[in-house]
Amino acid sequence: MKKSQLTQNSRLSLPSMQTERLSLYYGKKAAFTDVTMPIYSGKITALIGPSGCGKTSFLSCLNRLTDLIPHTKVVGSIRLDAVEILNNRVDAIALRRRVGTIFQKPNPFPFSIWKNLAFPLKEHGIKKREQLDRLIETTLQDVGLWSEVKDRLHTSALFLSGGQKQRLCIARALVLQPEVLLLDEPCSALDPISSGVVEDLIASLRGRYTVVIVTHNLAQARRIGDYAALFWVRAEVGRLIEYGTVEQIFTAPQQDLTAAYVNGIRG
Amino acid sequence: MGEKSKNQISLPTFIVWAIALSVTAVFCWILGDILWHGVGQLSWEFLTTEPRNAGREGGIAPILISTCLILAVCLAVSLPLSVGTAVLLAEFTTTESRFGRLVRRSLDVLAGVPSIVFGLFGNAFFSIKLGLGFSILSGGLTLACMVLPILIRSAEEGFRAVPTEYRLGAAALGLSRTTTLWKLLLPAATPGLVVGLVLGIGRAIAETAALIFTSGYVDRMPESLLDSGRSLSIHIFDLSMNVAGGDANAYASALVLLILLLLVNGMATWIAQFWLARRIKS
Ligand SMILES: Nc1ncnc2c1ncn2[C@@H]1O[C@H](COP(=O)(O)OP(=O)(O)OP(=O)(O)O)[C@@H](O)[C@H]1O
Ligand SMILES: [Mg+2]
């Protein structure tokens, strides 16, 4: 099998991240407070917890997508490779190139499949047609979409199936070669088969990207995660309850709440 | 579905159908009337010759040209202004911000102002204050003021109808706000822009009151934008109200006006769609 360029793309070192007493407020209301958590380089960190406990909010802090939501306030510290990113001197646009995001709902642009990938590439300075074509082909192969769409690259991406759309969105993030990838329930809108395909794809990113994934599917978290973090709402505010390796969280949790949640008693 | 038989029509259903049918009937009646009286007069010669004998005889060539010029001036000014304002309103102010609310409220009031008021304003401001006189330019600018509220509001709706996911998705790819605006949001908002354009053109092309005081009613061929020019709507008004025996040509002109309206709207829609299709592919 032809190894794609992205597969070979082993950077010298992938970045790690670390949050320190991180809190996010929507207006006066706190979404979550005091989250201190490491995100290890090249590993898959799974965020689990019931609805509304601030998982999505936490992810959107990590690439400062919160800047786009009016009336938000982020307190605390987030470091990407020891560099503080919650800092007005840090260019949020450059940051988001390094830290890519996949949303819960697949959101391909209303362009052709080809242009969905070419548009961000062109904007980031890759304009030569052959280079674009090559990058797009290898990335689509990487997400297992190439054989399905190679004959209709120039038709609208909005006609793809849900699973294909989500893989296209993953490809769109990967084609820019980010270092960290944030995935917000990437499989929740998909049927079990597509979900399995996307899950395998994510598992294959281990070691090539630093991955943070939010999932409601505990079995999935256990299958693909290296580390896991349980969030919970306490007094209407999201909190980090427990963090550890997947092994630890699922087989030897320190907190009763964690034990109850991972065993399906609560949540 | 209840037990009642299907061919029993309930009263509300009947009323709704009756209203729909009578609206359609009125439209068809107007259309039929204009066609019936106008189609006999219509010929190539009618479109390409100057009016004679106060419009009772001859054609409408200069009037057609003036109408198109007035419309062109109006769109050239109002389109960029309205898209710019809509972007400001939709992308850089929130729905609840005080500035946005103020602008929106003013636009809604402006949209309801009778056209004769715009005519008087255009006359006082463009014709007299700016010294443009009775000219196609004054008329076009006055019309631009008049259609601006409609264009802005529908363009704004167009931008607001673009899903937030696109904006977030673009931001997450490290794309700047300007790039997102021009290359993603604008093409995605095109349907809303087209709706506004169609409404705006419709209102502009049918306008009479605002033009009498600004572009005037000289029916000679205009030589520049600073010449006075008579629009089709004014021509129709003049022929049917002031010129005895002008009815036949008034009908023919009305028919031309209708055709022009359909043509311009078709073209606007087609251009927008063509542009959109190009955006999707390349
Ligand atoms: N834009 C916003 N403005 C105000 N409050 C918000 C906003 N987004 C989220 N919230 C609130 O913040 C809290 C956390 O929301 P968040 O979306 O992060 O939860 P989540 O863990 O991702 O939930 P789910 O599993 O359902 O996706 C919720 O109480 C939510 O109502
Ligand atoms: Mg969420």
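All values derive from a computational prediction rather than experimental measurement.

### With respect to the domain arrangement of chain B
Residue and element names in this part refer to chain B. Each assigned domain of chain B is listed with its residue range as follows: domain 1 (11-40) and domain 2 (42-281). With 8 residues of domain 1 at the interface, the matching set in domain 2 holds 6 residues. Each partner contributes to the roughly 620 Å² buried at the junction of domain 1 and domain 2, and carbon and sulfur atoms together form 73% of this total. Counting the surface domain 1 buries against domain 2, the share from its top three residues, I34, H37 and G38, is 61%. On the surface where domain 1 and domain 2 come into contact, there are 0 salt bridges.

### Some remarks on the site of ligand 1
Residues and elements named next belong to chain A. Inspection of the region around ligand 1 gives 13 residues, with S51, K55, T56, S57 and H216 positioned closest. One of the backbone nitrogen or oxygen atoms of C53 is found 3.3 Å away from an oxygen atom of ligand 1. Within the side chain of T56, a nitrogen or oxygen atom sits 2.5 Å from an oxygen atom of ligand 1. In isolation ligand 1 offers 630 Å² of accessible surface; the protein chains occlude 63% of this area. Listing elements by their share of the shell around ligand 1, those giving two or more residues are β2 (29-39) and α2 (55-62). By residue class, the composition of the shell around ligand 1 is 4 nonpolar, 6 polar and 3 charged.

### Quick look at unusual backbone geometry
Leaving glycine aside, a negative phi is the common case for residues, and trans is the common case for peptide bonds. Residues and elements named next belong to chain A. Positive phi values are uncommon outside glycine, yet A82 reaches one of about 70 degrees. By the secondary structure assignment, A82 is in the loop between β4 (72-80) and β5 (83-84). A residue is classified by how much of its surface remains accessible, and A82, at 67% relative accessible area, is exposed. Despite not being glycine, A235 has its phi angle at roughly 50 degrees, a positive value. Along the chain, A235 turns up in the loop between β9 (227-234) and β10 (237-245).

### A few points about the nonpolar core
In terms of nonpolar packing, the biggest core is built from 71 residues, with L140 of chain A together with F159 of chain B touching the most fellow members. If we skip the residues at most four places from it in the chain, F159 of chain B touches A86, V87, A90, E91, R167, L181, L185, L186, A189 and L193 of chain B. The next biggest cluster of nonpolar side chains, apart from the first, holds 33 residues, and it includes C74, F118, L197 and L255 of chain B.

### Topic: the pairing of β9 of chain A
All names here are of chain A. Within β9, 6 of the 8 residues are buried, which leaves the element mostly enclosed by the surrounding structure. In the sheet, strand β3 (residues 44-48) pairs with β9 via 4 bridges, with the strands oriented parallel. Residue T45 lies in a different strand from β9, and its bridge partner there is Y227. Bridge count between β9 and β10: 8 bridges; the pairing is antiparallel. Directly across from A229, in β10, lies its bridge partner Y243. Here β9 folds back onto β10 in antiparallel fashion, the turn holding 2 residues, of which A235 has a positive phi close to 50 degrees.

### Some words on empty space enclosed by the protein
The tally for this structure, following the rule as stated, stands at 3 cavities of 30 Å³ or more. Considering only enclosed or pocket space, the largest cavity measures out at about 50 Å³ in volume. Along its surface, the largest cavity is lined by T67, I70, L71, L143, A204, I205, E207, L211, S231 and S233 of chain B. By residue number, the principal contributor to the lining of the largest cavity is helix α3 (residues 61-91) of chain B, which donates 3 residues. In this structure, the second largest cavity encloses a volume near 40 Å³. Taken together, R96, R97, G100, A173, L176 and P178 of chain A together with A172 and L173 of chain B make up the full set of residues lining the second largest cavity. Here the residues of the lining of the second largest cavity are counted per class, giving 5 nonpolar, 1 polar and 2 charged.

### Let's talk about the interface of chain B and chain A
The partner chain A presents 30 residues to the 21 residues of chain B that form the contact. Counting the surface lost from both chain B and chain A, the interface buries some 2,100 Å², and carbon and sulfur atoms represent 68% of this. Where chain B meets chain A, there are 5 residue pairs in polar contact (both at pLDDT 80 or more). Of all the secondary structure elements, the ones that give two or more residues to the side of chain B that touches chain A are α7 (164-172), α8 (177-205) and α11 (247-281) of chain B. The dominant element in the side of chain B that touches chain A, judged by the number of residues it contributes, is α7 of chain B, at 8 residues. In terms of residue class, the side of chain B that touches chain A is built from 10 nonpolar, 6 polar and 5 charged.

Criteria and cut-off values
Residues numbered from 1 in each chain as written. Chains lettered and ligands numbered in written order. Predicted model: local features only at pLDDT ≥ 70, side-chain atom pairs only at ≥ 80, totals over all residues. Heavy atoms only, no water. Domains from an automatic or database assignment. Contact = heavy atoms within 4.5 Å. Buried area = accessible area lost by both parts, 1.4 Å probe. Salt bridge = Lys/Arg side-chain N within 4 Å of Asp/Glu carboxyl O. Near = heavy atom within 4 Å. Polar contact = N/O pair within 3.5 Å; in protein donor to acceptor, adjacent residues only side chain to side chain. Areas by Shrake-Rupley, 256 points an atom, 1.4 Å probe, with all protein chains shown as cover. Helix = DSSP H or I, 4+ residues; strand = E, 2+ residues; numbered from the N terminus. Nonpolar A, V, L, I, M, F, W, Y, C, P; charged D, E, K, R; others polar. Buried < 20%, exposed > 50% of the residue type's maximum accessible area, 1.4 Å probe, protein only. Core = buried A, V, L, I, M, F, W, Y, C linked by side-chain atoms within 4.5 Å. Pairing = 2+ DSSP bridges. 1 Å grid on protein atoms, 1.4 Å probe; cavity = no way out; pocket = protein on both sides within 12 Å on 5 of 7 lines; lining within 4 Å. Points joined across faces, edges and corners; volume = space filled by probe spheres on them.

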